[in-house]
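Remarks on the overall topology
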Amino acid sequence: MFRGFCSFKPHSSKEALEENLLLDSISWPVTPTLPSPFDLNKTSDPAHSTFTILPGRKGGQWYTGDQLEVVVKMHDFHRLPKKSGGDVLLARLHNPTLGAGVAGQVEDHLNGSYSVVFSLLWEGSAQIEVILVHPSEAVTVLHRLTREQPDRVYFKSLFRAGKITETTSCNVCLHPAKKSVCNYTDLHTGDPWFCYKPEKLSCDTRISHSRGGFKQNLKIKEDKLFQRGVNMKVLIPASGPAYVTVLPKKKDQPQIKSTTVKSGPSGYYYQGAWRALGGTKVNQFNTSTAITQCLKGKVVHLYGDSTIRQWFQHLNNALPDLKEFNLHSAKQVGPFEAQDHPNNILLTYRCHGPPIRFGNVPTSELRYVANELDHVVGGPNIIVVIGVWSHFSTFPIEVYIWRLQSIRRAVQRLLSRAPGTLVIIRTANPKALTLYETLTNSDWYSLQRDRVLRAVFKGLNVHLVDAWEMVIAHHLPHSLHPQPPIIKNMIDVVLSYICPQDHGYFFQ
């Protein structure tokens, strides 16, 4: 349990137990303490690290259905082998000509070496890429920042009464100060939010919320751990071949399976299209007519951050008969609504409640997803889509756990009163990283929240869109807002949940 000025009690003993189990499940390997004075040369260096393909069967042949395993050996800038784990690695296997790609599964051996396992899912060439996202020493810094400075991203609220206006700082957690505090903790969900009380105005005169800024409090030279092209999002070279040739599976040919990593990918790309490896088959909805036919008579409610707003915009642009109402909402904030009257389609978007780093949100539009779900009637023609993750990166993971638990309770209530309602959850995804992006929204933070989200909703009658693997496996660069080809595939997954069909792409 996080301790300090930013700590709260869970809603119940059951959820407190779950919180502890979740924290144990995402615990990261112990990372090195930074020496004083700081020495970059003793940290993980992708240029001097390598990966090696482990041999498979005799003759070195690989067949579809096999699992390919590579070993990654991390070294520092002095070319000395690392002796501990905790580096953040991502990996993919791909073939640009075939438009094929799949994410690798990484296992940390806690001694400077890592195993990465890939499922071989297509015939032909398969190229390996292993990326160092962050050295383990950078994780030490990111972890410390959250522990010591959970309020490093801060927010503002404007208060107004007549001609008097005041602005004060707000956050999930406020540093103890000799100031009165306005408590805006939601009475239904229990989600905490506080602002310093204005000097002249009362707490009920608050009219808007906005991002305030970011306090960068790195120690001397720690920024050297977050250098693009040096030690952040950099490819690790192969010590030998970086590709294999995959042959068609032979009848009765035993498959090579890894004993290191038990889980596999959720899907893969082939010819640019996402194919699920289990569950609902993914079909392609390549025309506005196909999308309209699927959504006919449906109400689709989208709740979440800008990565969910991106889906609203995609559908709004893809369907010429979908007409957006001008609600005079801010472009970044919403809410948004679009209708296709002849086909009886309603599409809505609403952003989640604070913390949210949007420019200017009227307090009347600060709605928690759980409360919104409690007002959804539900039914077989109602689709609820939720994506909440990006704005929680700088806060203790407990804050995110509590938010997801409140949303889960609302989802359970919705499915209890209207079992036919379709609920879809979007996971987190990797992104392009600058120093600012890393300190506020690092892939390491996102990876932890991705794991928590999957665990919190496991066993519930909800469907996941695995944005994490869909971004890693694709050839396009990582981005907080994935590029249109990836979004198109995500929407195909959503539409396949809404309109499942017997035929589709599925690897046998």
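Reference entry: report on the structure contained in this document. All of these numbers come straight from a predicted model, not from anything done at the bench.

1. Thoughts on unusual backbone geometry
Each neighbour pair has its own omega, and for G334 with P335 the value is 5°, a cis peptide bond. Within the secondary structure, P335 is located in the loop between strand 19 (323–324) and strand 20 (336–340). For the bond from P354 to P355, the omega torsion is 5°, close enough to zero to count as cis. Positionally, P355 belongs in the loop between strand 21 (345–351) and strand 22 (361–362). For Q271, which is not glycine, the phi torsion reads 55° and is therefore positive. Locating Q271 in the fold gives a position in the loop between strand 16 (267–270) and strand 17 (273–276). Classification of Q271 as exposed rests on a relative accessible area of 60%.

2. Thoughts on the side chain of E15
In this structure, E15 sits in helix 1 (residues 13–25). For E15, a relative accessible area of 8% gives the class buried.

3. Considerations on the pairing of strand 10 (residues 164–171)
Where strand 9 (residues 153–161) lies against strand 10, 7 bridges are found, and the strand directions are antiparallel. The residue bridging K156 from the neighbouring strand is S169, located in strand 10. Between strand 9 and the antiparallel strand that follows it, strand 10, lie 2 residues; G162 among them carries a positive phi value of about 65°. Here strand 10 runs beside strand 12 (residues 194–196); their pairing, made up of 2 bridges, is antiparallel. Bridged to N171 within strand 12 is F194.

Definitions and limits used
Residues numbered from 1 in each chain as written. Predicted model: local features only at pLDDT ≥ 70, side-chain atom pairs only at ≥ 80, totals over all residues. Heavy atoms only, no water. Helix = DSSP H or I, 4+ residues; strand = E, 2+ residues; numbered from the N terminus. Buried < 20%, exposed > 50% of the residue type's maximum accessible area, 1.4 Å probe, protein only. Pairing = 2+ DSSP bridges.

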